[in-house]
Amino acid sequence: MGRRSQAWFGASGRTGMLYRSWARNEGFGGEVFDGRPVIGIASTWSELAPCNAHLDRVAEAVERGVWMAGGFPLEFPTMSTGETLMRPTAMLYRNLLAMEAEELVRANPLDGVVLLSGCDKTTPALLLAAASVDLPAVMVTGGPMLNGKHQGRDVGSGSGTDVWRCDALGDWFCSFVVVAAPEPLPAVDRAIGIDWGVSTIATTTDDDHDLAHPQRRRSAQAKLARYQRMMARRKPPKIKPASTGYKKAKRQVAKLHRQVARQRSDDARKWARGVVAAFDQIAAEDFRPRFLARSTMAKRAADAAIGATKAALVHMADKHGRDLRIVDPAYTTMDCSICGARAKHRLDLSERTYACEACGVVLPRAKNEAAVMVVRAGFVPLV
C-alpha cells in the first residue's frame, strides 16, 4: 500500500501535475515527490497566546529534523487558544480547535503530523484531532512559558523567578524560587525510627523526640464556631449581595484557618529540625493517610497534619544532608523489632501493646513499629 500523500503528488496526468506544480511554486524541487513521507507540522504559534509565542522557533527545529530524516515537511497554522487574553475562557474554543486541526490534516496530502502546542487547551485539542484522523502523530510541547522582563531582570515562570498570588484574605504574597545550597550538619552516628499516628503525631525510638498532637484546631474551635454562626445568620439570599457583616465574619473564618495552618507548619518545622540535628540516620514510615479520611478519626487526623509533618522532615533531611529512608509500613504491627518474628494475626487498632510470642518482649505498639522501621532501613544497631 502506497503512502497517503501519493494520491496527490504521485497521481498521473493533469491532476498530479497540478498538485506538484503548486508545491514547486513554493520553491520545492522535484526530488520531494520521489515517494518520501510528507510530514505536516501543525503549529499553534500566535502572539495572542504567550504560551505558544515561541513555537515558530520550535517549528523550524522540527522542520530541520524532518528534512534530515528524509521526509518532506510542510508547516501549517492552526487556531491558537490561550487563557491570558481570550474571553470568556479558552476552554470554550478547545473543541473548535480540535475540529479545525482534524479537517486540515484529513484534507491535505499528509502521511504523518507533528503537533506543536504550549498550553493545557491546545495540547488535548491537537491530540483529539490526531486520534480522529488516525494518522501517525508526534506531540512536541513548547516547554515552560518564557520568562518576562522587568528592569532587566527575569520575572514570571521558571527557576529563579517571582511567583505572585493572592489568598482568600486578599493578602498578596511573593515567593522566590532559588537554588539552595546544602547545609550539612556534623555526623552524630545515631539512628531513629518514626511511626506516624493520630493521638501522637510521631512516635519515635527516642522518647525525647516524640511529637504529641498539639490540637491546634481544637484550641481555635470556640472562635471558629462563633464566626461560622455569624456567617450563617448573615448569609444573604442568592439574588442579593453579601452584607458587610457577612464578609467580615467570612474573613475572620479564613484568618483563623490560616493561623491554625501556620501553627501546624511551625510545629512541624521545629520538630523536624530537632530530629535532623540529633540523628543522621532516620527511618520514617511511608504513611498514606487516605483511609483516615473515611474513618471516625478524620477530623483529628486532619488537625494532626501528618502529611505536612512528613514533608517538613523530608525537606530538613535533604537540606542538612541526613540519610532519610522511607520504609514500607506493611506488617510493621506484626513484626517484632527485637527478634524479627512475625505474629500470626494482625493487631486490632484498639490494641496498643505489642507482645512477641517468640521472645516474650512487651513494648508499646507504636514504639515497636518505630523500632521496626530502623531495622528495615538497615540502621542497626540502635544508638
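Structure's up top.
Sequence positions are assigned chain by chain, starting from 1 and proceeding in written order. Given that this is a predicted model, residues contribute local features only at a pLDDT of at least 70 and side-chain atom pairs are listed and counted only at 80 or more, while totals for whole chains, interfaces and linings are drawn from all residues. Side-chain numbers here rest on the full set of heavy atoms in the structure, without hydrogens or water.

## Here's the deal with the overall build of the chain
Then, number 1: Put simply, DSSP H or I for four residues or longer makes a helix, DSSP E for two residues or longer makes a strand, and each gets a number counted from the N terminus. Helix and strand counts for the chain come out as eleven helices and 15 strands.
Then, number 2: The proportion of buried residues among the 383 residues of the chain is 38%.
Then, number 3: A contact between two residues is defined here by any heavy atoms of the two lying within 4.5 Å. Taking as baseline every contact in the chain between residues at least 6 positions apart, the subset at least 24 positions apart corresponds to 65%.
Then, number 4: All accessible areas in this document rest on Shrake-Rupley with a 1.4 Å probe, and a residue is counted as covered only by the protein chains that are shown. Roughly 22500 Å² of accessible area belongs to the chain as shown, and the carbon and sulfur atoms make up 56% of that amount. Exposure classes here rest on a 1.4 Å probe applied to the protein chains alone. A residue is buried below 20% of its type maximum, exposed above 50%, and partly exposed in between.

## Observations concerning the sheet that holds strand β12 (residues 281-285)
Then, number 1: When DSSP finds two or more bridges between two strands, those strands count as paired. Judged by pairing direction, the sheet is mixed, and its five strands sit side by side in the order β11-β10-β9-β12-β13 without closing on themselves. Every interior strand has two partners, whereas the edge strands, β11 (211-212) and β13 (323-327), have only one.
Then, number 2: Relative to strand β10 (residues 200-204), strand β9 (residues 191-196) is paired through three bridges, and the arrangement is antiparallel. Opposite Asp195, over in β10, you have Thr203 as the bridge partner.
Then, number 3: Simply put, an axis is a line fit to the C-alpha atoms, just over the touching stretch for a helix, and the angle between two N-to-C directions goes from 0 to 180 degrees. Packing against the sheet, helix α8 (residues 244-278) makes contact with β9, β10, β11 and β12, and its axis sits at approximately 150 degrees to β9.

## Some points on a nonpolar patch on the surface
Then, number 1: Patches here: salt-bridge-free residues with over 30% relative accessible area, like charges joined within 9 Å, nonpolar side chains (Val, Leu, Ile, Met, Phe, Trp, Tyr) joined within 5 Å. Salt bridge, as used here: a side-chain nitrogen of Lys or Arg that lies within 4 Å of a carboxyl oxygen of Asp or Glu. A cluster of nonpolar side chains, namely Met17, Leu18 and Trp22, defines an oily patch on the protein surface of about 330 Å² accessible area.
Then, number 2: Relative to the elements of secondary structure, Trp22 occurs in helix α2 (residues 13-24).

## What about the nonpolar core?
Then, number 1: Core analysis: the biggest nonpolar cluster contains 23 residues, and Phe9, Phe33, Phe72, Phe76, Val105, Val113 and Leu115 have the highest contact counts within it.
Then, number 2: Every element with two or more residues in this core is listed here: α1 (6-9), β1 (38-43), β2 (72-77), α4 (94-107), β3 (112-117) and α5 (122-133).
Then, number 3: For this core, the element with the most residues is α5, which contributes five residues.
Then, number 4: For Phe76, the residues in contact, after removing those within four places along its chain, are Gly40, Ile41, Ala42, Ser43, Leu104, Val105, Leu110 and Val113. Note on terminology: a nonpolar core comprises buried Ala, Val, Leu, Ile, Met, Phe, Trp, Tyr and Cys residues joined through side-chain atoms within 4.5 Å.

## Focus: the pairing of β12
Then, number 1: In terms of burial, β12 is a largely internal element, four of the five residues being buried.
Then, number 2: Both β9 and β12 contribute to a ladder of four bridges, which runs parallel. Paired with Ala191 across the strands is Gln281, a residue of β12.
Then, number 3: As judged from the five bridges shared by β12 and β13, these two strands associate in the parallel manner. Bridging across to β13, Glu285 finds its partner in Val327.

## Remarks on the side chain of His320
Then, number 1: Here His320 is to be found in the loop between α10 (306-319) and β13.
Then, number 2: Two N or O atoms form a polar contact when they lie within 3.5 Å of each other; inside protein one atom must be a possible hydrogen donor and the other a possible acceptor, and for residues adjacent in sequence the pair counts only when both atoms belong to side chains. A polar contact of 2.9 Å, which involves the side chain of His320, links it to the backbone oxygen of Glu183.
Then, number 3: His320 has contacts with Glu183, Pro184, Leu185, Arg273 and Val276, leaving out every residue within four places of it along the chain.

## Let's talk about the side chain of Lys121
Then, number 1: With respect to the element layout, Lys121 can be found in the loop between β3 and α5.
Then, number 2: Judged by its relative accessible area of 10%, Lys121 is buried.
Then, number 3: At 3.1 Å, the side chain of Lys121 and the side chain of Asp120 are in polar contact.
Then, number 4: The contact partners of Lys121, leaving out residues within four places of it in the chain, are Thr81, Glu83, Ala90, Met91 and Arg94.

## Concerning the packing of aromatic side chains
Then, number 1: Pairing of aromatic side chains here covers Phe, Tyr and the six-membered ring of Trp, requires ring centres within 6.5 Å, and sorts the geometry by plane angle: under 30 degrees stacked, over 60 edge-to-face, intermediate tilted. This structure, assessed with the given rule, holds seven aromatic pairs.
Then, number 2: Arranged with centres 4.8 Å apart and planes meeting at 75 degrees, the rings of Phe28 and Phe72 form a pair that is edge-to-face. Here the residue Phe28 occupies a position in the loop between α2 and β1, and Phe72 occupies one in strand β2, the gap between them amounting to 44 residues.
Then, number 3: Ring centres 5.8 Å apart and planes at 65 degrees place the aromatic pair Trp196 and Trp271 in the edge-to-face group. Of the two residues, Trp196 is situated in strand β9 and Trp271 in helix α8; the sequence distance between them amounts to 75 residues.
Then, number 4: Here, over-ring charges are defined by two tests on the NZ atom of lysine or the CZ atom of arginine: distance to the ring centre within 6 Å, and angle to the ring normal within 35 degrees. Geometry around Tyr331 places Arg342 over its ring, the cationic atom sitting 4.2 Å from the centre.

## Quick notes on the sheet that holds strand β4 (residues 137-141)
Then, number 1: Read across the open sheet, the four strands follow the order β2-β1-β3-β4; overall the sheet is parallel. Every interior strand has two partners, whereas the edge strands, β2 and β4, have only one. The mean angle between the axes of side-by-side strands here comes to 20 degrees, regardless of whether they run parallel or antiparallel.
Then, number 2: Strand direction decides the pairing type here: β1 and β2, joined by six bridges, are parallel. Within β2, the position partnered with Ser43 by the bridge is Pro77.

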